[in-house]
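Observations on the three-dimensional arrangement
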Amino acid sequence: MGDTCGMLFYTPPPMIIDGKQIAAKVKAEVAEGVKALKAKGVHTGLTVVRVGEDPASAIYVRGKRKDCEEVGIHSDEHHLPATVTQAELLALIAKLNADPKVHGILVQLPLPKHVDERAILDAISPAKDADGFHPFNVGALSIGIPGVPRPCTPAGVMRMLEEAKVDPKGKRAIVIGRSNIVGKPMAAMLLEKHATVTIAHSRTQDLAGEVARADIVVAAIGKAELVKGDWIREGAVVIDVGMNRLADGKLVGDVEYAAAARRASAITPVPGGVGPMTRAMLLVNTVELARRTLP
Ligand SMILES: Nc1nc(=O)c2c([nH]1)NC[C@@H]1CN(c3ccc(C(=O)N[C@@H](CCC(=O)O)C(=O)O)cc3)C=[N+]21
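Because the structure is a prediction, the values reported are computed rather than measured. Note on numbering: residues in each chain are counted from 1, in written sequence order. Two thresholds apply to this predicted model, a pLDDT of at least 70 for residue-level local features and 80 or more for giving and counting side-chain atom pairs, whereas whole-chain, interface and lining totals are computed over all residues.

Take the sheet that holds strand β4 (residues 104-107) next. A pair of strands is labelled paired if DSSP reports no fewer than 2 bridges between them. Counting from the N terminus, the helices are DSSP H or I runs at least four residues long and the strands are E runs at least two residues long. In space, the 3 strands of this open sheet follow the order β3-β2-β4, with parallel pairing throughout. Here the strands that pair on one side only, and so sit at the sheet edges, are β3 (74-80) and β4. Direction aside, neighbouring strands of the sheet carry axes that sit 15° apart on average. Across 7 bridges, the pairing between strand β2 (residues 45-51) and β3 is parallel. Bridge pairing in β3 places Val-49 opposite His-78. The axes are straight lines fitted to the C-alpha atoms, using for helices just the contacting stretch, and the angles between their N-to-C directions are given from 0 to 180°.

As structure tokens, this is what we get:
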């Protein structure tokens, strides 16, 4: 221990927020909920609609159905050809909306270009909206109506913060990315927990400077390692929503992980971070939608 000077600036390694582990805990809770409903005669069911032959969608949907099986949720899949018309899709959704065995509906995105994605998502009954993407549920989040489904990725991030004992109250949080499925609902949820929230995006003037002020950084841009480790404030909590497949097949996040981990107090890995939590929260939404059908 000769280098006492170095020790003055020693920072402990960060807590790795393990998404797989927290997802396992969430799934055990869901399994309990599913069982309790079954005892009351309600068999929780999720229906996934998949369109076309996108290989990634096929893999994701298979994963979601396996998750359902693990927690006792009945899952169905409607696989339609890429040539399906908008009217046919809307007719299927109307049928699922009317089917009492279907508690949650998920239309796997992206949809083929000739289909109006917004019109499809709007057609899903808000009471069966497993993704929390319907405008009614988006509005409910925005004005704080409780008991409605919330977008799975930001809901998963909030659960990760809770498990890591990170209270956003009064902290500076920055959300990088402003998508309807992650960035905007993420900002709303952090605000609800009393963070001071900044939303940064591709036109933000000084991203490095904005990130450097933040106690909580949520990166949801979709560009491999765009957030540099040396932007991270000493002791900040870093949540990496990104999943970018490199040419060599490696999966990396939106944050330069190793360099960020040298400054962060807690950080999520990719893979094994937010991804598994997104999947787990879909199960939470589904069982909650089923519970809401009880008298
Ligand atoms: N209506 C709809 N809802 C969605 O929630 C939705 C969607 N459409 N379309 C596609 C995206 C993508 N998505 C993922 C969630 C978790 C992982 C996941 O668990 N990833 C693993 C890594 C898997 C790997 O190695 O490739 C992880 O991060 O550890 C991946 C992808 C949900 N999506």
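Don't stop here, the text continues.
UniProt positions are given in the numbering used here, feature names are shortened, and annotations may be inferred rather than shown by experiment. UniProt's entry tags Gly-177, Arg-178 and Ser-179 with the feature "binding site: NADP(+)" (unreviewed entry), counted in the numbering of this structure. Note on placement: Gly-177 falls in the loop between β5 (172-176) and α8 (183-192). Look at Gly-177 and you get buried, because 23 C-beta atoms sit within 10 Å. Here the contact rule is simple: place C-beta atoms from the backbone, and any two residues whose C-beta atoms are within 7 Å are in contact. Other than its neighbours up to four places away in sequence, Gly-177 contacts Val-182, Gly-183, His-201, Ala-220 and Ile-221. Beyond its immediate stretch of four places on either side in the chain, Ser-179 contacts Lys-184 and Ala-220. Counting other C-beta atoms within 10 Å of each residue's C-beta, where C-beta atoms are placed from the backbone, gives the exposure class: buried for 20 or more, exposed for 12 or fewer, partly exposed between.

Under the definition applied here, buried Ala, Val, Leu, Ile, Met, Phe, Trp, Tyr and Cys residues are grouped into a nonpolar core through C-beta atoms within 7 Å. Judged by nonpolar contacts, the single largest core of 78 residues is most densely connected at Val-175, Val-217, Val-218 and Val-238. Considering every element that reaches this core, the biggest residue donor is helix α11 (residues 274-291), with 10 residues. Both of domain 1 (41-128) and domain 2 (151-274) provide at least three residues apiece to this core. Setting aside its immediate chain neighbours within four residues, Val-238 contacts Val-217, Ile-232, Val-255, Ala-260, Ala-264, Ile-267 and Thr-268. What counts as a domain boundary in this text is fixed by an automatic or database domain assignment.

On to the site of the ligand, then. Neighbouring residues of the ligand: 16 residues in total, closest Leu-109, Pro-271, Gly-272, Gly-275 and Thr-278. Broken down by secondary-structure element, the contributors of at least two residues to the shell around the ligand are β4 and α11. For the shell around the ligand, the element with the most residues is α11, which contributes 4 residues. Inspection of the shell around the ligand shows a minimum of three residues originating in each of domain 1 (41-128) and domain 2 (151-274). Nearness between a residue and a molecule or strand is assessed with a C-beta atom placed from the backbone; a distance within 6 Å qualifies.

Take the residue count of a helix, subtract one, and multiply by 1.5 Å to get its expected span. Over its 17 residues, helix α3 (residues 55-71) extends 25 Å from the first C-alpha to the last, a length consistent with the 24 Å expected when each residue adds 1.5 Å. Turning to α3, its buried residues number three or more, namely Lys-64, Asp-67, Cys-68 and Val-71. In a view along the axis of α3, the buried residues occupy a sector of 100°, so they form one face of it. For α3, exposure combined with an orientation more than 90 degrees from the buried face picks out Pro-55, Ile-59, Lys-66 and Glu-69. Those residues of α3 that are buried are in contact with α2 (19-39), β2, β3 and α11. One or two positions beyond α3, positive phi appears at Gly-72, with a value near 85°. Arc definition: directions from the helix axis to the C-beta atoms.

Glancing now at the packing of helix α7 (residues 152-163) against α8. Packing of α7 against α8 brings their axes to within 8 Å, and their N-to-C directions diverge by 35°. You can see that α7 and α8 cross each other, and the crossing is right-handed. On α8, the residues touching Pro-154, Val-157 and Met-158 of α7 are Pro-185, Met-186 and Met-189. Under the scheme applied, nonpolar residues are Ala, Val, Leu, Ile, Met, Phe, Trp, Tyr, Cys and Pro; charged residues are Asp, Glu, Lys and Arg; polar residues are all the others, including Gly. Grouping the constituent residues of the contact of α7 with α8 by class yields 6 nonpolar, no polar and no charged. Two helices crossing with the near one rotated counterclockwise from the far one by less than a right angle form a left-handed crossing, whereas a clockwise rotation gives a right-handed crossing.

Here Asn-97 is to be found in helix α4 (residues 86-98). Take Asn-97: there are 14 C-beta atoms within 10 Å of it, and that puts it in the partly exposed class. Through-space distance from the C-alpha of Asn-97 to that of Val-157 is 29 Å; in sequence the pair is 60 residues apart. In this structure, Asn-97 is in contact with Ser-125 and Lys-128, ignoring residues within four places of it in sequence.

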